[in-house]
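Inside the fold
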Amino acid sequence: MQISTKCSIAVHCLIFIHEAKGIAKVTSALLAQSTGCNPVVIRNIMSALKKAGLIIVARGTGGAELSLKPDEITLYAIYAALEPDGMTSLIGIHSCEGRKCPVAQNIRQVLQGPYQQIEDAVIQTMKGITLQSMIEEFHHRVASSVPKDIEK
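In this report, we go over the structure that sits alongside the text. Numbers given to residues run from 1 along each chain, matching the order in which its sequence is written. At least 70 in pLDDT is required for a residue's local features to be given in this predicted model, at least 80 for side-chain atom pairs to be given and counted, and no such filter applies to totals for whole chains, interfaces and linings, which use all residues. The basis for every side-chain value is the complete set of non-hydrogen atoms in the structure, without hydrogens or water.

**Side note on the environment of valine 40**
- Segments assigned H or I by DSSP are reported as helices when at least four residues long, segments assigned E as strands when at least two residues long, and all are numbered from the N terminus. When you line up the elements, valine 40 lands in helix α3 (residues 39-51).
- According to the relative accessible area criterion, valine 40 is partly exposed, its value standing at 44%. The buried label goes to any residue with under 20% of its type's maximum accessible area, the exposed label to any with over 50%, and the partly exposed label to all in between, with areas taken from a 1.4 Å probe on protein chains only.

Take a look at the structure:
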């Protein structure tokens, strides 16, 4: 597994959607401008997020909204929406079946247990990270980047 940039783009879009609620209609063109991505990439990501039930997109006029509260959306849910089979290839095992070497004959079985533990740990960690926690980190970073002379 490699967490592709689609996941970070999706998180970017979801935070943008959350922040724009009641301020602007969030369209793929607006998200493309914010992310710097091609609108087609944004539409594909939005489609996957919609199919996973993470967002609602208004028909015709467009405009995306979160369909769940930010604390109900996990990083794993976002990742799984974009890469449904991504975790199955977390760590690859080289092909060496059919060799006479006893290590070659058994390495796949030796590694399956440890690799599964790693995969499970990654999934659990991603399930523990919510969109809400990432929004809070975003707010913290925005607040700490305000120049001191503007705060007054």
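**Considerations on the state of the cysteines**
- Our working definition of a disulfide is a cysteine sulfur pair at a distance within 2.5 Å. Applying the stated criterion to the full structure yields zero disulfides.
- Of all cysteine sulfurs, the one in cysteine 37 lies closest to cysteine 13, which takes part in no disulfide; the gap is 7.3 Å.
- Relative accessible area serves as the criterion here: at 0%, cysteine 13 is assigned to the buried category.
- Distance from the sulfur of cysteine 96, which forms no disulfide, to the nearest cysteine sulfur (cysteine 101) is 7.6 Å.

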